[in-house]
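Take a look at the letters that make up each chain.
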Amino acid sequence: MKKYAKKYAGLLLIFSLIMGTLPGFQGEAAKKKPCFSKKKITITVKKKKKIKIKNAKKIKTTVWSVKNKKIVKLSKKKKTSVILKGRKKGKTVVTARVKRKGKKKPYKLKLKVTVKNAEKIQTSGKPPAPVKTAGTIPPTAVPSAIPPTAVSSAKPTPSATPRLEDRSMKELYGDSFMMGAAINGNSAQTAAIRHEGMAGILKKHYNSTTLSNLMKPCFLLDEEACKKAAADNGDDVTEVDVTFDSCKESLDFCKENGIRMRGHVLVWHDQTPEWFFKKGYDAEKEYVSKEVMEKRLENYIKKVLTYCQTNYPGVIYCWDVVNECVDNVSPDTTDGWSCRTKFNGSTTHWYQIMGLDYVYKSFEYARKYADKDVKLIYNEYNVFQKWKRESIVKLLSILKEKGWIDGVGLQPTVGLTYPAELKGSGTESFETCLREYGKLGLDIQVTELSFEIPKDKERSEANLKLQADRYEEMFKLLLEMDDDNGGPCHITSVSIFGICDDYPLYDDHKQCLYLWNKDGTPKEAYYRVHTVGEHYFAQKNGISITGGQ
């Protein structure tokens, strides 16, 4: 038997070698090997393109290289993908050496890349005149009649290339970062998308948005369903039920209009109902154990992420996993950073039950259930204050070391005079803030930008000009600091935390923070931000601007 076994083993080896050379069998084998989705691509100078490796299962490491770095820049290198950015006209080759688990020899993949010059764009060189709208829009939930394109009355002919002043802000700043504005609202009925004018502005100018309120735990947790689960399963129930009634309409809006959303927020010491932490989901009962709370936390994060990723794939591109947990009022500094322990004079529910672990477990669970392309963010205010910045950096370093975080959300929390410096080398300037966080190598997102004229201050021409000055200085600084322009920070999105002043869907609401008036007409601040973007876009695309710009 041994003699025949050896004989047939040899025949089988010969048969397999022969069949491996046949086209059909060779194709099947090739399908299993890592390869680029395309053999060659073309990129425009200053533009980016993501390339992916197919058949990427069990890849252990990937070493990326480019033959001529003057033609193409590689960034955001991962095991299965890389971002290419065209630098100058020419041709080159991008190589990926892929090593799979269990394989000694790496696969060598090659991609031919051609970089071409950008198209020439016509421009009149004249800034648009403000569009005036008579009257004030009544604060009502019924969609109003603010012109969605109130920023410019000039309409390009179909065959003409749009002038700079007619371009959207998302297009002007697109080479550096996404442009975002928040969907405000304290209910589904008052969400900004219910307002025709604000919805029109959002669609025209922004490719990112944030639900400033309606995705917080107090809106998503389904109290009635949770209490029913407790009645069926006992006080230590860990099942969690959620509802998306508050934000489904906004998610649909984003999906239909190609706008991506920042998920805000999974875990926060505020706006999370007390009953969620108690036995039987009853606020009058005692706190549950740490073990039960950890499971509730995990189930909540799992339910929220699974719902969004299943029903709105690709819409939510990042999550603020934990919000504002760094503080200097009676902090816990066990791990070298100042964890907030109290809120409004009382110990926070999260810290009461889980201590520092509520922060760590939130990121651990979010990483467990988030799609691989969804970024996980820590979001915080007063990020430029020296003591707080040092504490945040320590926390971010811990989370980065564990592989649980992708970026930091910076809420500027800035006013007309504070901090005194936006640009500058001062200890608490916003430039210094950006440089310090940039050293971590994480994505940076500016998440809640506004410059407030306080309610007790007159909306005088002088104050509106000062507000516009600050917006202009901030956007110049952000462009300068972004690594796409040679700066030290990888800035991926900038979000203004609202659209119109005096929020049109609220009764008697006064605030002066944003780029548009209540009636939908653009403020001087809008024109300043737009003009900074025009200059940047023109520089990137080799356009000469004349005529007062």
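For the structure itself, consult the block above.
Right, let's walk through the structure included here. (Residues numbered from 1 in each chain as written. Predicted model: local features only at pLDDT ≥ 70, side-chain atom pairs only at ≥ 80, totals over all residues. Heavy atoms only, no water.)

### Here's the deal with the environment of serine 250
Note the threshold: Starting at the N terminus, helices and strands are each numbered in turn, a helix being any DSSP run of H or I of at least four residues and a strand any DSSP run of E of at least two. We call two residues in contact whenever any of their non-hydrogen atoms come within 4.5 Å of each other.
Assignment of secondary structure puts serine 250 in helix H7 (residues 248–257). When the C-alpha positions of serine 250 and arginine 194 are compared, they lie 9.1 Å apart, and in sequence the two are 56 residues distant. The residues contacting serine 250, other than those within four sequence positions of it, are Ile183, Ala191, Ile193, Leu211 and Met261.

### As for the packing of helix H11 (residues 386–401) against helix H12 (residues 430–438)
What counts is decided by this rule: An axis is simply a line fitted to the C-alpha atoms; with a helix, the fit covers only the stretch in contact. Between two such axes, the angle follows the N-to-C directions and lies from 0 to 180 degrees. Here the angle decides the label: under 35 degrees means roughly parallel, over 145 means roughly antiparallel, 65 to 115 means roughly perpendicular, and every other value means oblique. Whether a crossing is left-handed or right-handed is set by the direction in which the near helix is turned from the far one by less than a right angle, anticlockwise for left-handed and clockwise for right-handed. Ten residues, namely Ala, Val, Leu, Ile, Met, Phe, Trp, Tyr, Cys and Pro, are considered nonpolar, four, namely Asp, Glu, Lys and Arg, are considered charged, and the remaining ones, Gly among them, are considered polar.
In contact at an axis separation of 11 Å, H11 and H12 are set at 20° when each is read in the N-to-C sense. The angle between H11 and H12 falls in the class roughly parallel. The two elements H11 and H12 cross, and the hand of that crossing is right-handed. For the pair H11 and H12, contact is made by Arg389, Ile392, Val393 and Leu396 and by Thr432, Cys433, Glu436 and Tyr437, respectively. Of the residues belonging to the contact of H11 with H12, the class tally is 5 nonpolar, 1 polar and 2 charged.

### Considerations on the pattern of salt bridges
Here is the rule we go by: What counts as a salt bridge is simple: a side-chain nitrogen of Lys or Arg found within 4 Å of a carboxyl oxygen of Asp or Glu. Three labels apply to residues, based on accessible area from a 1.4 Å probe with only protein chains included: buried if under 20% of the type maximum, exposed if over 50%, partly exposed otherwise in between.
Taken as a whole, this structure holds 35 salt bridges when the rule is applied. Put simply, lysine 227 and glutamate 223 hold a salt bridge, and the shortest N to O gap is 3.0 Å. Taken together, the positions of lysine 227 and glutamate 223, both in helix H6 (residues 223–233) and 4 residues apart, correspond to about one turn of that helix. When its relative accessible area of 31% is taken as the criterion, lysine 227 is described as partly exposed. A salt bridge links lysine 295 to glutamate 298; its shortest N-O distance comes to 3.6 Å. Placement of both lysine 295 and glutamate 298 in helix H8 (residues 290–311) is noted, with a separation of 3 residues, approximately one turn of the helix. One network of salt bridges, in which partners are shared, links Lys465, Asp469, Glu472, Lys476, Glu524 and Arg528.

### Remarks on the sheet that holds strand S7 (residues 90–100)
Quick note on the threshold: Being paired, for any two strands, means DSSP has found at least two bridges between them.
Strand order across the open sheet formed by 4 strands is S2-S8-S7-S4, with mixed pairing between neighbours. Both outer strands of the open sheet, strand S2 (40–44) and strand S4 (59–66), are each paired with one neighbouring strand and no more. Ignoring strand direction, the axes of neighbouring strands in this sheet form an average angle of 25°. Bridging between S2 and strand S8 (residues 107–116) involves 5 bridges; their strand directions are parallel. Considered in S8, the bridge of isoleucine 41 is made with valine 113.

### Considering the side chain of asparagine 299
Along the chain, the position of asparagine 299 falls in helix H8. With relative accessibility at 18%, the residue asparagine 299 sits in the buried group.

### As for the packing of aromatic side chains
Here is the rule: Each pair of aromatic rings taken from Phe, Tyr and Trp, with Trp reduced to its six-membered ring, is defined by centres within 6.5 Å and is described as stacked if the planes are under 30 degrees apart, edge-to-face if over 60, and tilted in the remaining cases.
A full pass over the atoms with the stated rule returns 20 aromatic pairs. Ring geometry for tyrosine 173 against phenylalanine 177: centres 5.6 Å apart, planes inclined by 20°, an arrangement best described as stacked. On the basis of relative accessible area, phenylalanine 177 is assigned to the buried category, the value being 3%. Summarising the aromatic geometry, the rings of tryptophan 350 and tyrosine 358 are spaced 5.9 Å apart at their centres and angled 15° between planes, so their arrangement reads as stacked. Judged on exposure class, the residue tryptophan 350 and its partner tyrosine 358 are both buried. Here a set of aromatic residues connected by ring pairs shows up, and it is made of Trp275, Phe276, Phe277, Tyr281, Tyr300, Trp350 and Tyr358.

### Quick word on empty space enclosed by the protein
Definition in use: Only protein atoms enter the 1 Å grid used here, on which a cavity is any set of points holding a 1.4 Å probe that cannot leave and a pocket is any open set flanked by protein within 12 Å on both sides along at least five of seven lines; residues with an atom within 4 Å of a point are listed as lining. Grid points are joined across faces, edges and corners, and a volume is the space filled by probe spheres set on the points.
Under the definition given, this model contains 1 cavity of 30 Å³ or more. Taken as a whole, the largest cavity spans an internal volume of roughly 30 Å³. Forming the walls of the largest cavity are Pro217, Leu221, Leu266, Val267, Thr272, Phe276, Leu297, Tyr300 and Trp350. Sorting the residues of the lining of the largest cavity by element identifies strand S11 (260–268) and H8 as the ones contributing at least two each. Considered class by class, the residues forming the lining of the largest cavity number 8 nonpolar, 1 polar and no charged.

### A few points about H6
Spelled out, the test is: The directions from the helix axis to the C-beta atoms are what the arc is built from.
Those residues of H6 lying buried are Cys226, Ala229 and Ala230. For H6, the buried positions fall inside an angular range of 100° around the axis, keeping them on one side. Exposed positions of H6 whose direction lies more than 90 degrees from the buried face are Glu224, Lys228, Ala231 and Asp232. Looking at the residues trailing H6, positive phi occurs at glycine 234, about 100°.

### Examining the sheet that holds strand S3 (residues 48–54)
Taken in spatial order, the 4 strands make up an open sheet running S1-S3-S6-S5, and their pairing is antiparallel. Two strands in the sheet have a free side with no partner beyond their single neighbour: strand S1 (35–36) and strand S5 (72–75). Looking at chain direction, S3 and strand S6 (residues 81–86) are connected through 5 bridges and run antiparallel. In the strand pairing of S6, lysine 48 is matched with lysine 85.

### Notes on the environment of glutamate 239
Structurally, glutamate 239 is set in the loop between H6 and H7. For glutamate 239 and tyrosine 300, which are 61 residues apart along the polypeptide, the C-alpha to C-alpha distance reads 8.4 Å. Here glutamate 239 is in contact with Ala229, Asn233, Tyr281 and Asn299, once residues within four sequence places are set aside.

### Focus on the layout of surface pockets
Here the largest pocket defines a volume of roughly 850 Å³. If you go around the largest pocket, you meet 30 residues; those closest to its centre are Lys48, Lys76, Ile83, Met178 and Arg260. Listed by contribution, the elements that provide at least two residues to the lining of the largest pocket are S3, S6, helix H3 (169–172), strand S18 (443–449), strand S20 (490–496) and helix H14 (524–540). Split into classes, the residues belonging to the lining of the largest pocket amount to 8 nonpolar, 7 polar and 15 charged. Looking at the second largest pocket, it is lined by 23 residues, and the ones nearest its centre are Glu448, Ser450, Phe497, Leu513 and Tyr514. Classifying every residue of the lining of the second largest pocket by side-chain character gives 8 nonpolar, 11 polar and 4 charged.

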